[in-house]
Amino acid sequence: MRPSKRDELVRKSLAVFYRDGFHATGMDTLVAETGISKTTMFKHFRTKDDLILAVLRYRDETFRNWFLRRLYERDLSPRKKLLAVFDILKEWFEEPGFKGCIFIKASAEFQDPVHPAYAQSTEHKRLLLSALRSLAEKAGAREADLLARQILLLKEGAIVAAQMGFDPDPSGAAKNAAAVLIDAHIPEN
């Protein structure tokens, strides 16, 4: 099935926003870069903010699907899957065109907690935290919520370090730190 103009606009806009940022990208740039007319854009999205929200929702769905699929297709115990999070991050960091996390970028550009872009970015991180908490619980962590939050913080720090390029192996460093935390929270079986 051929994607609709709306879907095409969302996918193409994601690439532009990811590369250039939200505030720096005007509608004229989106028209030029996506090849979709302003009339068509405004037919599907009343405002640029509506388009941004659709882009963030699309990225949330595609990234979480990819990330969790990569995690769960590994035949590992829940404990080892918590560490595999960082191997999957490394895969992402090594992709051509990696420029960090669009949700971190969105929350920096839209800092009002009630702005839909900020709220969607927060929801993305909350959903990832929930998946990590579920893994920590399955692994028998004494304080599953705390361990999940700690792993998420390591994950987010590794993303920033990879995007900024100041660490030669941010996913590896974060994985080593996570191993210490996992050992402290989950008894060896």
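Residues numbered from 1 in each chain as written. Predicted model: local features only at pLDDT ≥ 70, side-chain atom pairs only at ≥ 80, totals over all residues. Heavy atoms only, no water.

Under the definition given, this model contains 19 salt bridges. Between Glu91 and Arg74 there is a salt bridge whose closest N-O contact spans 2.8 Å. Highlighted residues: Glu91 in helix H5 (residues 78-93) and Arg74 in the loop between helix H4 (48-72) and H5, separated in sequence by 17 residues. Beyond isolated ion pairs, a larger network of salt bridges with shared partners links Arg70, Glu73, Arg74 and Glu91. (Salt bridge = Lys/Arg side-chain N within 4 Å of Asp/Glu carboxyl O. Helix = DSSP H or I, 4+ residues; strand = E, 2+ residues; numbered from the N terminus.)

Right, let's talk about the environment of Leu128 for a bit. Tracing the backbone through its elements, the reader meets Leu128 in helix H7 (residues 116-138). Expressed as a C-alpha distance, the spacing of Leu128 and Asp60, which sit 68 residues apart in the sequence, is 9.8 Å. Residues in contact with Leu128, not counting those within four places in the same chain, are Phe63, Arg64, Phe67, Leu152 and Lys155. (Contact = heavy atoms within 4.5 Å.)

Here Gln120 is to be found in helix H7. Exposure remark for Gln120: the relative accessible area of 11% places this residue in the buried category. Discounting chain neighbours no more than four positions away, the residues touching Gln120 are Leu53, Leu56, Arg57, Asp60 and Phe103. (Buried < 20%, exposed > 50% of the residue type's maximum accessible area, 1.4 Å probe, protein only.)

With that out of the way, let us pick up the environment of Ala161. In this structure, Ala161 sits in helix H8 (residues 144-164). Residue Ala161 is classed as buried on the basis of its relative accessible area of 7%.

It is worth spelling out the packing of H4 against helix H6 (residues 102-109) at this point. Between H4 and H6, the shortest axis-to-axis distance is 11 Å and the interhelical angle comes to 150°. Accordingly, the angle class assigned to the pair H4 and H6 is roughly antiparallel. Remark: the crossing between H4 and H6 carries left-handed chirality. Where H4 abuts H6, its residues Leu56, Arg59 and Asp60 lie against Ile102, Phe103 and Ala106. For the contact of H4 with H6, the residue count by class is four nonpolar, no polar and two charged. (Axes fitted to C-alpha atoms, helices over the stretch in contact; angles between N-to-C directions. Parallel < 35°, antiparallel > 145°, perpendicular 65-115°, else oblique. Left-handed = near helix turned anticlockwise from the far one by under 90°. Nonpolar A, V, L, I, M, F, W, Y, C, P; charged D, E, K, R; others polar.)

Turning to the packing of aromatic side chains, a few remarks are in order. With the rule as written, the count across this model stands at nine aromatic pairs. Judged by centre distance (4.8 Å) and plane angle (55°), the rings of Phe63 and Trp92 are tilted. Here Phe63, found in helix H4, pairs with Trp92, found in helix H5; they are 29 residues apart in sequence, far enough to count as distant. Considered together, Phe63 and Trp92 belong to a single accessibility category, that of buried residues. Each member of the aromatic cluster is reached from another via a ring pair, and the members are Phe63, Trp66, Phe67, Trp92, Phe93 and Phe98. When the ring centre of Tyr18 is taken as reference, the NZ or CZ atom of Lys105 above it lies at 4.8 Å. (Phe/Tyr/Trp six-rings, centres within 6.5 Å; stacked < 30°, edge-to-face > 60°. Lys NZ or Arg CZ within 6 Å of the ring centre and 35° of its normal.)

Judged by nonpolar contacts, the single largest core of 54 residues is most densely connected at Leu82 and Trp92. Taken together, the elements giving at least two residues each to this core come down to helix H1 (5-20), helix H2 (27-34), H4, H5, H6, H7, H8 and helix H9 (170-185). Not counting residues within four places of it along the chain, the set of residues in contact with Leu82 comprises Leu132, Leu135, Ala136, Ala139, Leu147, Ile151, Ile182 and Ile186. (Core = buried A, V, L, I, M, F, W, Y, C linked by side-chain atoms within 4.5 Å.)

Attention now moves to H5. Relative to the 22 Å expected for 16 residues at 1.5 Å per residue, H5 spans 23 Å between its end C-alpha atoms, a close match to the ideal helical length. Along H5, the helix axis deviates most sharply at Ala84, where the bend reaches about 30°. (Expected span 1.5 Å × (residues − 1). Bend = angle between axes of the 7 residues up to and from the residue.)

With respect to the helices and strands, Phe67 occurs in helix H4. On the basis of relative accessibility, which here comes to 3%, the residue Phe67 falls in the buried class. Each C-alpha atom of the pair Phe67 and Val85 lies 8.3 Å from the other, and the pair is 18 residues apart in sequence. Here Phe67 is in contact with Val85, Ile88, Leu89 and Leu128, once residues within four sequence places are set aside.

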